[in-house]
Amino acid sequence: MGKKKPLVIVTRKLPDVVETRMRELFDARLNADDRPMTQAELVEAVKTAHVLVPTITDRIDAAVIAQAGPDFKLIANFGTGVDHIDVEAAQARGITVTNTLGVLTEDTADMTMALILAVPRRLPEGIRIMETGEWPGWSPTWMLGHRIFGKRLGIVGMGRIGQAVARRAKAFGMSIHYHNRNPVSAAIEDDLEATYWESLDQMLARMDVVTIHTPRTPATYHLLSARRLHLMRPGSYFVNTSRGDLVDETALIRLIEEGAIAGAGLDVLENAPGVISPKLLKLAETGRVVLLPHMSSATIEGRIDMGERVILNIRMFWDGHRPPDRVLPHML
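Residues numbered from 1 in each chain as written. Predicted model: local features only at pLDDT ≥ 70, side-chain atom pairs only at ≥ 80, totals over all residues. Heavy atoms only, no water.

Some remarks on the packing of aromatic side chains
Stated precisely, the cut-off is as follows: Only rings of Phe, Tyr and Trp enter the pairing, Trp through its six-membered ring, and a pair is recorded when the two centres are within 6.5 Å. The plane angle decides the type: under 30 degrees is stacked, over 60 is edge-to-face, the rest tilted. A run of H or I in DSSP becomes a helix once it reaches four residues, and a run of E becomes a strand once it reaches two; helices and strands are each numbered from the N terminus.
Taken as a whole and assessed by the stated rule, the structure comprises 1 aromatic pair. Ring centres 5.2 Å apart and planes at 45° place the aromatic pair Y178 and Y196 in the tilted group. In this pair, Y178 is assigned in strand 7 (residues 175–179) and Y196 in strand 8 (residues 194–196), connecting sequence segments 18 residues apart.

With respect to the domain arrangement of the chain
By a widespread convention, an interface's size corresponds to the accessible area lost as its parts come together. Note the threshold: Segmentation of the chain into domains, including their bounds, is taken from an automatic or database domain assignment. Buried area is a sum: the accessible area each of two parts loses on coming together, probed at 1.4 Å, counted once for each and added. When a carboxyl oxygen of Asp or Glu is within 4 Å of a side-chain nitrogen of Lys or Arg, the pair counts as a salt bridge. Here a polar contact is recorded for every N or O atom pair within 3.5 Å, except that within protein the pair must consist of a potential hydrogen donor and a potential acceptor, and residues adjacent in sequence are included only if both atoms are side-chain atoms.
Under the domain assignment, the chain is made up of domain 1 (7–102 + 300–331) and domain 2 (104–291). Taken together, both faces of the contact between domain 1 and domain 2 bury some 620 Å²; the carbon and sulfur share is 53%. There are 1 salt bridge connecting domain 1 and domain 2. A salt bridge links D83 to R243, with the nearest nitrogen and oxygen atoms 3.4 Å apart. Across the contact surface, domain 1 and domain 2 share 3 residue pairs in polar contact (both at pLDDT 80 or more).

Digging into the sheet that holds strand 9 (residues 209–212)
Selection rule: Whether two strands pair comes down to DSSP finding at least two bridges between them. Between N-to-C directions, angles span 0 to 180 degrees; the directions come from axes that are lines fitted to C-alpha atoms, helices contributing only their stretch in contact. Any two residues whose heavy atoms approach within 4.5 Å at even a single point are treated as in contact.
The parallel open sheet is built from 7 strands, whose spatial order is 8-7-6-9-10-11-12. Bordering the open sheet on either side are strand 8 and strand 12 (289–291), each of which pairs with just one other strand. Averaged over all neighbouring strand pairs, the angle between strand axes comes to 20°, with direction disregarded. Sheet topology places strand 6 (residues 152–156) next to strand 9; 4 bridges connect them, and they run parallel. From the neighbouring strand, L153 faces strand 9, where its bridge partner is V209. The sheet contacts of helix 11 (residues 249–258) involve strand 10 (237–240), strand 11 (263–266) and strand 12, and relative to strand 11 the element is tilted by about 140°.

Structure, rendered in structure tokens:
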């Protein structure tokens, strides 16, 4: 692609060490005030830049891509999910799309495990009681939760993150079950002592905790539908650190309200960052739901790793090589 530094427009503020390195390597235009870019600003960016570095807050749809200038050749996404990018429209225009696959696996698995613990053991309720000074003192029957040791964990999606969750849950003494498009290798199954369920419906009906780790695609929208959620056991818990619209949130709320599901730990919501359901907030106040603000990947180490991966993809592409994290439509 030549020796001239590429013009790289970054849509949000990134860690200082990442931005400094980008300034050294590229003609980088940064977003110092961290204000999300408007669609008009995104259009202007693709008209002038060689490379765009967007995040999940940017919608790079076909309309934006249609306005791309002749020198715009790469969308180097700062994040794993690319459901906010029209990858097919990009490919049709000869624009390459990359992501940062794999660098957030351990951070997301850590937070998933934290939610698996937080809901049954009533951690937020305990914190709130101590903060408000309402603790009446210890009692043998007060604030009783449920142990997770010996419980069955159903993992929907056994990719990198699903396997990382399984490793953690196994160490906590949980029994590992999973549903995937295909079984994982025998070696991985043996290592995790994991049981494969070809039928998602059958697995859901038998688990104590269900956690979902599938990518967001048209095929996985509301994968956990109202019908499937109804299959879960009354004493079971649901955890989601993946994407909010993988589950029918309205149905989930109703089932928790009715006691058909014991509770949920949610780092992602169906309509976030829009209006959070008042019913969901009420369930959070009563301790039956733990809500987090999409922070499962929010570690300093993870964000720096993401930035380094973005830089690697840009450098490889600009030097005329295939970037390691290229995303193609058939992969979605």
